[in-house]
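Residue strings, one per chain:
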Amino acid sequence: MELNSRAIGLLIGLLVSVITTAFLFLIDGINNTILLTAFFLSLSSTYILVWLVLEFLFFRHIDNISEGFDKINNTESQITDGLSNGTLLNPLKKINKEIFSYAENKQREIAELKKMEIFRREFMADVSHELKTPIFAAQGFVHTLLDGAIEDKKVRSKFLKKAAKSLDGLDILVHDLLTLSQIETGEIKMHIVPFNLIRTVEDVFDQLENKAIKKDIAFSYQKKEDLYVLGDQRRMYQVFLNLVSNAIKYTNKKGEVTIHFDEKDDHIATTVKDTGDGIPDKDINRIFERFYRVDKSRSKEKGGTGLGLAIVKHILEGHNTKMEVTSEVGVGSSFTFSLQKAKDRPIEEDEELYDE
Ligand SMILES: Nc1ncnc2c1ncn2[C@@H]1O[C@H](COP(=O)(O)OP(=O)(O)OP(=O)(O)O)[C@@H](O)[C@H]1O
Ligand SMILES: [Mg+2]
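Quick caveat: nothing in here was measured; it's all calculated off a predicted structure. Numbering of residues starts from 1 in every chain and runs along the sequence as written. Lettering for chains starts from A, numbering for ligands starts from 1, and both go in the order in which the items are written. Only residues with pLDDT of at least 70 are given local features in this predicted model, and only at 80 or more are side-chain atom pairs given and counted; all residues enter the totals for whole chains, interfaces and linings.

### Some remarks on the overall build of the chain
Rule in force here: Only runs of H or I of at least four residues qualify as helices and only runs of E of at least two qualify as strands under DSSP, and these elements are numbered from the N terminus. Exposed residues have 12 or fewer other C-beta atoms within 10 Å of their own C-beta, buried residues have 20 or more, and residues in between are partly exposed; the C-beta atoms are placed from the backbone. In this description, a residue-residue contact is defined by the distance between C-beta atoms placed from the backbone, which must lie within 7 Å.
Tallying secondary structure elements over the chain gives 10 helices and 7 strands in all. Residues classed as buried in the chain amount to 22% of the 356 residues present. Long-range contacts, defined here as pairs at least 24 residues apart, represent 70% of the contacts in the chain between residues at least 6 apart.

Structure below.
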């Protein structure tokens, strides 16, 4: 039974009228008509009184408060939806639960905001630091030239080259930051279509082969018939470029970098494997964070910004997949991710796909 103001009024009314009638019954000379009249009079007057008091001083205010909470909690009103449908026995219980769920949500929001604030501060510090390094370097070279070194032909070209290198690094850093923020804000949408995984790997291979040759690294990929998967071809090219260039970068001379494919039911898993430095266990989960580098000084000297894997992670999230990493220090690392097989073939293959 629903415990509303009418039901409470009726219950208290019945109780009061039964007690009143019982007392009257004990008095001599009171007949049944008087008893009956007293019963109905006390029942009706108590009922009206209790109903009025509860309805206007109590339930209405509780309903107003409850409606207010419903409005505030509009998006997170799963609990309050269940409470506001009138089937609850105790209206105070209902308001109590609503206040509790409201406070809980607010607490969660505050914790989230605090976390974001810490993250924002750390990110700002990292960005400033990363920007400062190439700017200071380029500034140093230019000032040295202006202070007289420009007269020496040999020094001039050496310093200009160094300044240009620092500015190129700055350009890559800003470009990576922009890509990250555009993926996060949804400005870059994944354009998921069928594409040929093998062709993308071949393109990455062509692009990075020279770097591998320079380090005498055996760089190969498992030759296969065309493999069609669903994804954003341009972004997946970026993923491969990041993974393979890391593999080459963090592998010593005469090492090995291989890419192979593993066909499962409706997925194709791709693995980029190297025989390089490896990643310590404590760092494995952190390498996808922005600016995180296992060995800061060594990675910097190899020209990394520490944003490559953060971008990779976001792109894979946009494809509803994620990276699995296994690594052993001194032995090597392997990075694996899966993409869904495509049922259809692409309508046409775009030659200019990777030019930006
Ligand atoms: N194949 C790998 N072998 C060993 N360490 C790796 C490998 N891939 C990544 N790492 C470690 O993870 C860190 C983060 O990689 P990430 O690609 O994000 O940054 P980066 O290579 O330093 O710079 P960027 O890719 O932006 O040029 C690297 O600095 C390196 O320490
Ligand atoms: Mg990298």
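Past the structure itself, the notes keep going.
### Section: unusual backbone geometry
The residue Lys 254 is not glycine, and still its phi comes out positive at about 65°. Inspection of the secondary structure puts Lys 254 in the loop between α7 (233-249) and β4 (256-263). Taking the number of C-beta atoms within 10 Å as the measure of exposure, Lys 254 has 10 and is therefore exposed. For Asn 320, which is not glycine, the phi torsion reads 55° and is therefore positive. Residue position: Asn 320 is located in the loop between α10 (308-318) and β6 (324-328).

### So, α10
Turning to α10, its buried residues number three or more, namely Gly 308, Leu 309, Ala 310, Ile 311, Val 312, Ile 315 and Leu 316. Buried residues along α10 sit in contact with α5 (153-184), α7 and β7 (332-340). The first or second residue beyond α10 is Asn 320, which carries a positive phi of 55°.

### What to know about the site of ligand 1
Where we set the bar: Put plainly, near means the residue's C-beta atom, positioned from the backbone, lies within 6 Å of the molecule or strand in question. When residue character is reported, Ala, Val, Leu, Ile, Met, Phe, Trp, Tyr, Cys and Pro are called nonpolar, Asp, Glu, Lys and Arg charged, and the others, Gly included, polar.
For ligand 1, the set of nearby residues contains 24 residues, the closest of which are Arg 293, Val 294, Gly 304, Gly 308 and Leu 309. When residues of the shell around ligand 1 are traced back to their parent elements, those giving at least two are α7 and α10. Across the shell around ligand 1, the residue classes tally to 9 nonpolar, 10 polar and 5 charged.

### Some details on the nonpolar core
Put simply, the test is: We call a set of buried Ala, Val, Leu, Ile, Met, Phe, Trp, Tyr and Cys residues a nonpolar core when their C-beta atoms link them within 7 Å.
Grouped together as the largest cluster of nonpolar side chains are 34 residues, with contacts concentrated most on Val 239, Phe 240, Leu 243, Val 244, Ala 247, Val 257 and Val 312. For this core, the secondary structure elements donating two or more residues are α6 (197-214), α7, β4, β5 (267-274), α10 and β7. At 8 residues, α7 tops the list of elements feeding residues into this core. What Val 312 contacts, discounting residues up to four positions off in sequence, is Val 239, Asn 242, Leu 243 and Met 323.

### Description of the environment of Gln 238
Its location among the elements puts Gln 238 in helix α7. You can call Gln 238 partly exposed: it has 19 C-beta atoms within 10 Å. The spatial distance from the C-alpha of Gln 238 to the C-alpha of Ile 315 is 8.8 Å, given a sequence separation of 77 residues. When sequence neighbours within four positions are dropped, the list of residues in contact with Gln 238 reads Ile 311 and Ile 315.

### Overview of the packing of α5 against α10
As a reminder, the rule being used: Inter-axis angles, ranging from 0 to 180 degrees, are taken between N-to-C directions of lines fitted to C-alpha atoms, where helices are fitted over the stretch in contact. Here the word oblique covers every angle except those under 35 degrees (roughly parallel), over 145 (roughly antiparallel) and from 65 to 115 (roughly perpendicular). Two helices that cross are described as forming a left-handed crossing if the nearer one is turned anticlockwise from the farther one by less than a right angle, and a right-handed crossing if clockwise.
Following both chains from N to C, one finds α5 and α10 inclined at 25°, their axes separated by 10 Å at the closest point. By the angle between their axes, α5 is roughly parallel relative to α10. As α5 packs across α10, the resulting crossing turns out to be left-handed. Together, Asp 176, Thr 179, Leu 180, Ile 183 and Glu 184 of α5 and Ala 310, Ile 311, His 314, Ile 315 and Gly 318 of α10 make up the contact between the two elements. Counted by class, the contact of α5 with α10 contains 5 nonpolar, 3 polar and 2 charged residues.

### Comments concerning the sheet that holds β4
How we decide: Any two strands with at least two DSSP bridges between them are considered paired.
Reading across from one edge, β2-β4-β5-β7-β6 is the order of the 5 strands in this open sheet, with mixed pairing throughout. At either margin of the open sheet sits one strand with a lone partner, and together these are β2 (218-221) and β6. In this sheet, neighbouring strand axes are inclined to one another by 15° on average, regardless of whether the strands run parallel or antiparallel. Pairing of β2 with β4, which is carried by 4 bridges, proceeds in the parallel orientation. When the bridges of β4 are listed, Ala 218 appears paired with Glu 256.

### A word on the packing of α6 against α7
Interhelical geometry of α6 versus α7 gives an angle of 30° and a closest axis separation of 9 Å. By the angle between their axes, α6 is roughly parallel relative to α7. In this structure, the crossing between α6 and α7 has a hand that is right-handed. Counting all contacts with α6, which are made through Thr 200, Val 201, Asp 203, Val 204, Gln 207, Leu 208, Lys 211 and Ala 212, the residues of α7 involved are Gln 233, Met 236, Tyr 237, Phe 240, Leu 241, Val 244, Ser 245 and Ile 248. Of the residues in the contact of α6 with α7, the class split is 10 nonpolar, 4 polar and 2 charged.

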